[in-house]
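# An overview of the molecular structure
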Amino acid sequence: MISDVRIGPDGVARCAWVGDDAEYRRYHDEEWGMPLHGDRALFEKMSLEGFQAGLSWITILRKRPRFREVFAGFEPEAVAAFGDADVERLMGDAGIIRNRAKILATISNARLVLEMEPGELDAFLWSFAPASHRRPSTFAEVPATTAESDAMSKALKKRGFRFVGSTTMYALMQSAGMVDDHVDGCWRVG
């Protein structure tokens, strides 16, 4: 049986999914589950979660600096202005995930963010955070989707957003601190 908590090389108990990777430890300790606000920050998180679909998060995390560089810091105004030449430039960049549909979705999603009032993306996404959330005791209790992530996904798709399925949106909710899925025994619990 795999333990739900793992003691890292630094002697700290963390959620077992972290393993021994130093960048994963940093991400777990400093970002995952911490409340994240701001249209730009949440647009970046939504975009990266979309790129992660079908891949492991550590792959995205390791490529995140390059993603930030080539996607203009995920500033919606800059990304929304990307054209065909930018798509081809991105398709040729081995430092990111070269998936045309995901690249096009990121550009399209940036244009949709620009149609919103400043702060509206933040308020909209956070409106789906559950009023209460029971922290899981074990990984077996961590859902892949919830009624809230289903509703968030449906509402985003209705607005025209792409690569925002319910599983992807639940991952966003976890990483942006809308829910706290650190398991019992993790140092972040409490």
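Residues numbered from 1 in each chain as written. Predicted model: local features only at pLDDT ≥ 70, side-chain atom pairs only at ≥ 80, totals over all residues. Heavy atoms only, no water.

The protein chain goes by DNA-3-methyladenine glycosylase I in an unreviewed UniProt entry, where it is assigned to Microbacterium awajiense.

### Brief notes about the packing of helix α8 (residues 147–158) against helix α9 (residues 166–175)
At a closest axis distance of 8 Å, the pairing of α8 and α9 adopts a crossing angle of 115°. In terms of axis orientation, α8 runs roughly perpendicular to α9. Between α8 and α9 lies a crossing whose hand is right-handed. Across the interface between the two elements, Glu148, Ser149, Asp150, Met152, Ser153 and Leu156 from α8 touch Ser166, Met169, Tyr170, Leu172 and Met173 from α9. Taken together, the residues of the contact of α8 with α9 break down into six nonpolar, three polar and two charged. (Axes fitted to C-alpha atoms, helices over the stretch in contact; angles between N-to-C directions. Helix = DSSP H or I, 4+ residues; strand = E, 2+ residues; numbered from the N terminus. Parallel < 35°, antiparallel > 145°, perpendicular 65-115°, else oblique. Left-handed = near helix turned anticlockwise from the far one by under 90°. Contact = heavy atoms within 4.5 Å. Nonpolar A, V, L, I, M, F, W, Y, C, P; charged D, E, K, R; others polar.)

### Let's talk about helix α6 (residues 100–114)
The end-to-end C-alpha separation of α6 is 21 Å, in line with the 21 Å expected for 15 residues at 1.5 Å each. When we look at burial in α6, the residues that qualify are Lys102, Ile103, Ala105, Thr106, Ile107, Ser108, Asn109, Ala110, Leu112 and Val113. The inward-facing, buried residues of α6 abut α2 (39–52), α4 (76–80), α5 (84–91) and α7 (120–126). One side-chain oxygen at the N-terminal end of α6 lies 3.0 Å from the backbone nitrogen of Ala101; it belongs to Asn99. (Expected span 1.5 Å × (residues − 1). Buried < 20%, exposed > 50% of the residue type's maximum accessible area, 1.4 Å probe, protein only. Polar contact = N/O pair within 3.5 Å; in protein donor to acceptor, adjacent residues only side chain to side chain.)

### Description of the pattern of salt bridges
The tally for this structure, following the rule as stated, stands at 17 salt bridges. Residue Arg64 pairs with Glu31 through a salt bridge whose shortest N-O separation is 2.8 Å. Of the two residues, Arg64 sits in helix α3 (residues 57–70) while Glu31 sits in the loop between α1 (22–30) and α2, which places them 33 residues apart along the sequence. (Salt bridge = Lys/Arg side-chain N within 4 Å of Asp/Glu carboxyl O.)

### Concerning the side chain of Thr168
Checked against the element boundaries, Thr168 lands in helix α9. What Thr168 contacts, discounting residues up to four positions off in sequence, is Glu49, Gly50, Ala53 and Phe163.

### Let's talk about the side chain of Ser175
Topologically, Ser175 is positioned in helix α9. A distance of 3.3 Å separates the side chain of Ser175 from the backbone oxygen of Leu172, its partner in a polar contact. Residues contacting Ser175, with those up to four places away along its chain left out, are Tyr27, Glu31, Trp32, Gly33, Met34, Lys45 and Glu49.

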